[in-house]
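Listed below, chain by chain, are the residues.
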Amino acid sequence: MPVENSNTAQRRSKVSIKSIQSMYKRKEAISMMTAQDYPSGLVVDQSGIDVCLVGDSLAMVSLGFDSTNPLTVEDMLHHCRAVARGAKAPFIVADLPYGSYEANPDDAVRVSLRFIKEGNCDAVKLEGGVEMAETIRRITRVGIPVLAHIGLTPQRQSALGGFRVQAKTAKQASALLTDAFAVQEAGAFGVVVEAIPAEIAGYITEQLKIPTIGIGAGVHCSGQVLVQNDALGLFDRFVPKFTKQYCNLNEIITSALREYHEDVKTRRFPAPQNTYPIDAAQLEKFYALERERTGVHHNQQEHDEENRTAHAAML
Ligand SMILES: Nc1nc(=O)c2c([nH]1)NC[C@@H]1CN(c3ccc(C(=O)N[C@@H](CCC(=O)O)C(=O)O)cc3)CN21
Ligand SMILES: CC(C)C(=O)C(=O)O
Ligand SMILES: [Mg+2]
């Protein structure tokens, strides 16, 4: 099968904050997908997706934690750098890790600068509404675009009582709208709205003059985001209602690895085409050297015979 070489494939141009704003103005839906390493960043790049989120969900999908909270800044920077090597064209947003930005705006500015300077990202994302407005203002003031995240904020799952749908009551919906206005006013270039009723997300989208990026928030948002592992069927824990699984990579990969395992056991792999030859004269010479060294006569036919005997004994 011919494999498209990324060196010869045409490179699309870099998505900027300006292109995001122009998509929003044209009412063109913004597509965003997470990535956590070089290959997952590469496929986000190759599939034409606009925005690549290095989501802290990687704590769960790549590192196997039960929540996003244990992820450190150093962990996240390591993943961001790998994603950036693969996702050349998409606008790259880094999720600020839990505990790195909440205590005060100075911390938030410092850590955000690290994600631009050392993480090779274009923007940062942080969870919170009204209470994070001052922090968002401070980060944007030093020239770093901020994506806000309201509704289900997974880093606060303990206070929320788990990964629960938000804004299901009129009062909570009003509070969420207040959060949305606050992050917009603070200078966020967009806001992720997670796990809220579609009508509320649609209403917030109408009210704002910055794009809403929905995950479990219905079709009326300005854009959509999914965790790549969920979309590809490469995660073993939960399947949120809002996920659309486009393929089942877990199944495909497991069956491929089973086949490999069988090939090794049955010695179908490696086949001659996976094997390096040696010039016959050189091989004869080598055996001659060995005869001299050991005094034992040894040739390839004998060697093959030994292998067959050993294999038969194993079965
Ligand atoms: N793989 C993965 N995908 C995600 O979307 C994701 C993560 N990890 N980690 C961080 C957060 C956690 N998220 C989640 C996790 C579970 C549900 C979930 O199970 N929701 C229930 C509804 C619960 C209720 O009744 O309110 C569902 O059935 O969709 C939702 C969001 C979203 N984020
Ligand atoms: C689900 C998205 C929005 C996220 O925050 C993540 O992947 O961490
Ligand atoms: Mg996140």
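Residues numbered from 1 in each chain as written. Chains lettered and ligands numbered in written order. Predicted model: local features only at pLDDT ≥ 70, side-chain atom pairs only at ≥ 80, totals over all residues.

What follows is about the packing of helix 5 (residues 105-117) against helix 6 (residues 133-141). Interhelical geometry of helix 5 versus helix 6 gives an angle of 40 degrees and a closest axis separation of 9 Å. Put simply, helix 5 runs oblique to helix 6. Regarding helix 5 and helix 6, the two cross each other, and that crossing is right-handed. Counting all contacts with helix 5, which are made through Pro 105, Ala 108, Val 109 and Ser 112, the residues of helix 6 involved are Glu 134, Thr 135, Arg 138 and Ile 139. Across the contact of helix 5 with helix 6, the residue classes tally to four nonpolar, two polar and two charged. (Axes fitted to C-alpha atoms, helices over the stretch in contact; angles between N-to-C directions. Helix = DSSP H or I, 4+ residues; strand = E, 2+ residues; numbered from the N terminus. Parallel < 35°, antiparallel > 145°, perpendicular 65-115°, else oblique. Left-handed = near helix turned anticlockwise from the far one by under 90°. Contact = placed C-beta atoms within 7 Å. Nonpolar A, V, L, I, M, F, W, Y, C, P; charged D, E, K, R; others polar.)

Right, let's talk about the nonpolar core for a bit. Membership of the largest hydrophobic core comes to 73 residues, with the highest contact counts inside it found for Cys 52, Val 93, Cys 121, Val 124, Val 146, Ala 148 and Val 183. In terms of residue count, helix 4 (residues 73-86) provides more of this core than any other element does, five residues in total. Residues within four places of Cys 52 in sequence aside, it is in contact with Met 33, Ala 35, Gly 41, Val 44, Val 83, Ala 87, Pro 90 and Ile 92. (Core = buried A, V, L, I, M, F, W, Y, C linked by C-beta atoms within 7 Å. Buried ≥ 20, exposed ≤ 12 C-beta atoms within 10 Å, placed from the backbone.)

This paragraph deals with helix 6. Ala 133, Thr 135, Ile 136 and Ile 139 are the residues of helix 6 that are buried. Relative to the axis of helix 6, the buried residues are bounded by an arc of 160 degrees and lie together on one face. Considering only its buried residues, helix 6 is in contact with helix 5, strand 4 (123-127), strand 5 (146-151) and helix 8 (170-185). Where helix 6 terminates, the next one or two residues include Gly 143, which has phi positive at roughly 90 degrees. (Arc of directions from axis to C-beta.)

Chain-level statistics for the chain give a pLDDT mean of 93 and a share of 91% at 70 or above. Put simply, helix 13 (residues 300-314) is where the chain has its lowest mean pLDDT, 52, and strand 2 (residues 51-54) is where it has its highest, 99. Predicted confidence is poor over residues 1-6, with pLDDT under 50, and the contacts of this stretch with residues over four places away or in other chains come to one contact. (pLDDT = per-residue confidence, 0-100.)

As a structural note, the neighbourhood of ligand 1 is formed by 17 residues, with Ser 57, Pro 154, Phe 163, Pro 240 and Lys 241 the closest of them. Among the elements of the structure, helix 3 (58-61) and helix 10 (228-232) are those that each provide at least two residues to the shell around ligand 1. A class-by-class count of the residues in the shell around ligand 1 yields 11 nonpolar, three polar and three charged. (Near = placed C-beta within 6 Å.)

Glancing now at the site of ligand 2. Residues in contact with ligand 2, as listed here, are Thr 34, Leu 53, Gly 55, Asp 56, Ser 57, Asp 95, His 149, Val 192, Glu 194, Ile 215, Val 225 and Val 227. Across the shell around ligand 2, the residue classes break down as five nonpolar, four polar and three charged.

Take the pairing of strand 3 (residues 91-95) next. Across a regular strand the side chains alternate sides, sitting on one face of the sheet and then on the other. When you tally the buried positions in strand 3, you get five out of five residues, the bulk of the element. Both faces of strand 3 are covered, namely the face carrying Phe 91, Val 93 and Asp 95 and the face carrying Ile 92 and Ala 94. With four bridges joining them, strand 2 and strand 3 adopt parallel strand pairing. Bridging from a neighbouring strand, Val 51 pairs with Phe 91 of strand 3. Two strands pair when backbone bridges link them, and strand 3 and strand 4 are joined in this way by three bridges, in the parallel orientation. (Pairing = 2+ DSSP bridges.)

Okay, the packing of helix 8 against helix 9 (residues 198-207) next. The interhelical angle for the contact between helix 8 and helix 9, taken along N-to-C directions, is 35 degrees, at an axis separation of 10 Å. Crossing handedness for the pair helix 8 and helix 9: right-handed. Every residue of helix 9 that contacts helix 8 at Ala 173, Leu 176, Leu 177 and Ala 180 is listed here: Ile 200, Ile 204 and Gln 207. In terms of residue class, the contact of helix 8 with helix 9 is made up of six nonpolar, one polar and no charged.

Glancing now at unusual backbone geometry. Trans peptide bonds make up the majority, and among non-glycine residues the majority have a negative phi. In the segment running from Phe 269 into Pro 270, the intervening peptide bond is cis, with an omega of 0 degrees. Counting through the fold element by element, Pro 270 comes out in the loop between helix 11 (249-265) and helix 12 (280-294). Even without a glycine there, the phi angle at Lys 27 is positive, about 60 degrees. Note that Lys 27 resides in the loop between helix 1 (17-25) and strand 1 (30-34). Unusually for a residue other than glycine, Ala 195 sits at a positive phi of about 50 degrees. Tracing the sequence through the fold places Ala 195 in the loop between strand 6 (190-194) and helix 9.

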